[in-house]
Amino acid sequence: MGLLLLGGCAAETKLRPTPEAGILQDGKSSAITEKEGVRLTADGSAWRGSPSNLENRITPVYIRLENQGSRPLRIRYPDFALVGQESRFRYSALPPLSLRGTVSSRDQEAPARYSPAMSSRGRLWVGGGYGYRPWGGWGPGWYGGPWGSPFYSPYYYSPPYYEPQLPTEDMLNNALPEGTLEPGGTQEGFLYFQGVARREDAVTLQVKLVDAQTGEPFGALGIPFQVSTN
């Protein structure tokens, strides 16, 4: 079944650790928990990449894992989930490439837009669109001129805004890699979940701890978050 991530009224989702989350840090935006020698740090409001409004479309969570135990830790997306506090619905982490082709409601061609653009010195610059060229006629280019000059144009052309499709390069480059985390190792990156805004008031990030050699589960970690929307 395809995952629908469209919606013109999508809300920006921020996850904030609850007071019961354990050790809080970084202005209480991230929390730390530890079990069986594995330390988990999670931050639900750390995304700063492209697109800047990713929280409107999905829920990114920054993860840092430190393996201070004696077992190699398996890192697989199905071992991570956000679980609704009341609904008990399990939102599994999504492989970044599974989001390929996902667009938002703004990924529609906008009509050409014309706007005044005068600087504080009374000079208007026209860039990247159409206006009066110094050699005469209307055409593309960078040009400008004072009011009343033959180079002055009262309007400029602003190209349509296109929101990038997912996953972006930033999402791929910053995703938590799957693999094996050996004892003494550290791995970090973002996990991407279906948007939980307007579905949940609170969720718990759950991580299943699995021995990478035997496939045997040996524990679980959890950090509770409040879901806030803007």
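Just above, that's the structure.
**As for the overall build of the chain**
Point 1. A count of helices and strands for the chain gives 1 helix and 16 strands.
Point 2. A separation threshold of at least 6 residues defines the contact pool for the chain, and within that pool the share at least 24 residues apart is 66%.
Point 3. Accessible surface, the chain: about 12,500 Å² in total, of which carbon and sulfur atoms supply 50%.

**Points about the side chain of Asp 43**
Point 1. By the secondary structure assignment, Asp 43 is in strand 4 (residues 38-43).
Point 2. Within the structure, Asp 43 has its side chain in polar contact with the side chain of Ser 29 (distance 3.1 Å).
Point 3. Within polar-contact distance, the side chain of Asp 43 engages the backbone nitrogen of Ser 45 at 2.9 Å.
Point 4. If we ignore the near neighbours within four places in the chain, the residues touching Asp 43 are Ser 29, Ser 30, Val 61 and Tyr 62.

**Quick notes on unusual backbone geometry**
Point 1. The omega torsion of the bond from Ser 50 to Pro 51 falls at 0 degrees, within 30 degrees of zero and hence cis.
Point 2. Looking at the element boundaries, Pro 51 is found in the loop between strand 4 and strand 5 (58-67).
Point 3. Here the amide bond leading from Leu 166 into Pro 167 is cis, since omega sits at -5 degrees, within 30 degrees of zero.
Point 4. Even without being glycine, Glu 36 reaches a positive phi, approximately 50 degrees.
Point 5. Positive phi, normally seen in glycine, also occurs at Arg 198, with a value near 65 degrees.
Point 6. Note on placement: Arg 198 falls in the loop between strand 14 (186-194) and strand 15 (202-210).

**Some words on the packing of aromatic side chains**
How two aromatic rings sit relative to each other is set out by the distance from centre to centre and by the angle between their planes.
Point 1. A complete count under the given rule lists 4 aromatic pairs for this structure.
Point 2. A centroid spacing of 5.0 Å and a plane angle of 85 degrees characterise the contact between Trp 47 and Phe 190, whose relative ring orientation is edge-to-face. Here Trp 47 is found in the loop between strand 4 and strand 5, whereas its partner Phe 190 is found in strand 14, with 143 residues between them in sequence.
Point 3. With a centroid separation of 6.2 Å and 80 degrees between ring planes, the pair formed by Trp 47 and Tyr 192 is classed as edge-to-face. Here the residue Trp 47 occupies a position in the loop between strand 4 and strand 5, and Tyr 192 occupies one in strand 14, the gap between them amounting to 145 residues. The two residues Trp 47 and Tyr 192 agree in class, both being buried.
Point 4. By way of ring pairs, the aromatic residues Trp 47, Tyr 62, Phe 190 and Tyr 192 are connected into one cluster.

Here is what the cut-offs are and how they apply
- Residues numbered from 1 in each chain as written.
- Predicted model: local features only at pLDDT ≥ 70, side-chain atom pairs only at ≥ 80, totals over all residues.
- Heavy atoms only, no water.
- Helix = DSSP H or I, 4+ residues; strand = E, 2+ residues; numbered from the N terminus.
- Contact = heavy atoms within 4.5 Å.
- Areas by Shrake-Rupley, 256 points an atom, 1.4 Å probe, with all protein chains shown as cover.
- Polar contact = N/O pair within 3.5 Å; in protein donor to acceptor, adjacent residues only side chain to side chain.
- Phe/Tyr/Trp six-rings, centres within 6.5 Å; stacked < 30°, edge-to-face > 60°.
- Buried < 20%, exposed > 50% of the residue type's maximum accessible area, 1.4 Å probe, protein only.

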